[in-house]
Amino acid sequence: MSIKTTTHLNFRGTARQALHFYQGVFGGRLDLATYGDFGMPQDAPGSDRVVFGQLENEDGFRVMAYDVPGQDADPAATAGTTRREHGTTVTDRTFFQSVRAGSLEEVTAYWDALADGATVVEPLAASAWTPGFGMLTDRFGVTWVLDVDPAGGVTDRV
């Protein structure tokens, strides 16, 4: 038996743009289907919106997304906020999207691409557990945590 988990991102009219952006960052194969593809009349408002989107690359990166039916909204308003305060992360978001890579060079490349139009929460830099850690909220309202795999640096494993 095997199991895979995949983050499913919910957007308000920007799923297509977000998935294409993430494809530019991570590469991979992008599959998209619209509400119109699944039977909504082509002339109905929102028929061109994404009802199913999935990006997957050969290195294991995988994310799904769709456009929530209804009115468009500001990504920051619907996704909440995240900031650093007194050395801690303060947020009202329910999740962060984490990307861990094997080298600082790889993490830096992802960071540089995701940072285009993003709000940096914590700059990419060395930390107590890894040679590279950073946090940002991208232009679509998704908060990403990027770090270099500490290669066994975690001491408590159950």
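Residues numbered from 1 in each chain as written. Predicted model: local features only at pLDDT ≥ 70, side-chain atom pairs only at ≥ 80, totals over all residues. Heavy atoms only, no water.

## Some details on the overall build of the protein
Turning to step 1, where the next piece is worked out: A tally of regular secondary structure across the protein gives three helices and 10 strands.
Turning to step 2, where the next piece is worked out: In sequence order, the secondary structure elements of the protein are arranged as β-α-β-β-β-α-β-β-β-α-β-β-β.
Turning to step 3, where the next piece is worked out: The buried share of the protein, reckoned over its 158 residues, is 35%.
Turning to step 4, where the next piece is worked out: Residue pairs in contact within the protein that sit at least 24 positions apart in sequence constitute 51% of those at least 6 positions apart.
Turning to step 5, where the next piece is worked out: Carbon and sulfur atoms provide 51% of the accessible area of the protein, an area that totals close to 9,300 Å². (Helix = DSSP H or I, 4+ residues; strand = E, 2+ residues; numbered from the N terminus. Buried < 20%, exposed > 50% of the residue type's maximum accessible area, 1.4 Å probe, protein only. Contact = heavy atoms within 4.5 Å. Areas by Shrake-Rupley, 256 points an atom, 1.4 Å probe, with all protein chains shown as cover.)

## A word on the sheet that holds strand E4 (residues 62-67)
Picture the strands of a sheet paired through backbone hydrogen bonds; they go either parallel or antiparallel.
Turning to step 1, where the next piece is worked out: Taken together, the four strands give an open sheet; going across it, the order is E1-E4-E3-E2, and neighbouring strands pair in mixed fashion. Only two strands of the sheet have a single neighbouring strand rather than two, namely strand E1 (7-11) and strand E2 (29-34). Recorded for the sheet is a direction-independent mean angle of 15° between the axes of neighbouring strands.
Turning to step 2, where the next piece is worked out: Examined bridge by bridge, E1 and E4 share five bridges and lie parallel to one another. Following the sheet pairing, Phe11 is matched in E4 by Asp67.
Turning to step 3, where the next piece is worked out: Where helix H1 (residues 15-26) meets the sheet, it contacts E1, E2, strand E3 (50-56) and E4, and its direction lies at approximately 175° from that of E2. (Pairing = 2+ DSSP bridges. Axes fitted to C-alpha atoms, helices over the stretch in contact; angles between N-to-C directions.)

## Let's talk about H1
Turning to step 1, where the next piece is worked out: The end-to-end C-alpha separation of H1 is 16 Å, in line with the 16 Å expected for 12 residues at 1.5 Å each.
Turning to step 2, where the next piece is worked out: Buried within H1 we find Ala15, Ala18, Leu19, Phe21, Tyr22, Val25 and Phe26. Along H1, the residues classed as buried sweep out an arc of 160° about the axis, all on the same side.
Turning to step 3, where the next piece is worked out: Just downstream of H1, Gly27 is the residue with a positive phi angle, here 70°. (Expected span 1.5 Å × (residues − 1). Arc of directions from axis to C-beta.)

## So, helix H3 (residues 104-114)
Since the α-helix turns once every 3.6 residues, residues separated by three or four places project in the same direction.
Turning to step 1, where the next piece is worked out: Of the positions making up H3, those classed as buried are Val107, Tyr110, Trp111 and Leu114. One face of H3 carries all of its buried residues, which in axial projection span an arc of 100°. In H3, the exposed residues that point more than 90 degrees away from the buried face are Glu105 and Asp112.
Turning to step 2, where the next piece is worked out: Each element contacted by the buried residues of H3 is listed here: H1, strand E7 (97-101), strand E8 (119-125), strand E9 (133-137) and strand E10 (143-148).

## Comments concerning the confidence of the model for the protein
Reading predicted coordinates in detail is not appropriate for stretches of low pLDDT.
Turning to step 1, where the next piece is worked out: Across the protein, pLDDT averages 88, with 88% of residues at or above 70.
Turning to step 2, where the next piece is worked out: Mean pLDDT values over the elements of the protein span from 59, in helix H2 (residues 75-79), up to 98, in H1.
Turning to step 3, where the next piece is worked out: Low pLDDT, under 50, characterises residues 153-158; the predicted model gives this stretch one contact beyond four residues in sequence or across chains. (pLDDT = per-residue confidence, 0-100.)

## With respect to the sheet that holds E9
Turning to step 1, where the next piece is worked out: In space, the four strands of this open sheet follow the order E7-E10-E9-E8, with mixed pairing throughout. In this open sheet, the two strands that pair with only one neighbour each are E7 and E8. Neighbouring strand axes in the sheet, compared pairwise and without regard to direction, differ in orientation by 15° on average.
Turning to step 2, where the next piece is worked out: Sheet analysis places E9 next to E10, joined by five bridges and oriented antiparallel. Looking at the pairing, Met135 lines up with Val145 of E10.
Turning to step 3, where the next piece is worked out: Strands E7, E8, E9 and E10 of the sheet are contacted by H3, whose axis makes an angle of about 160° with E10.

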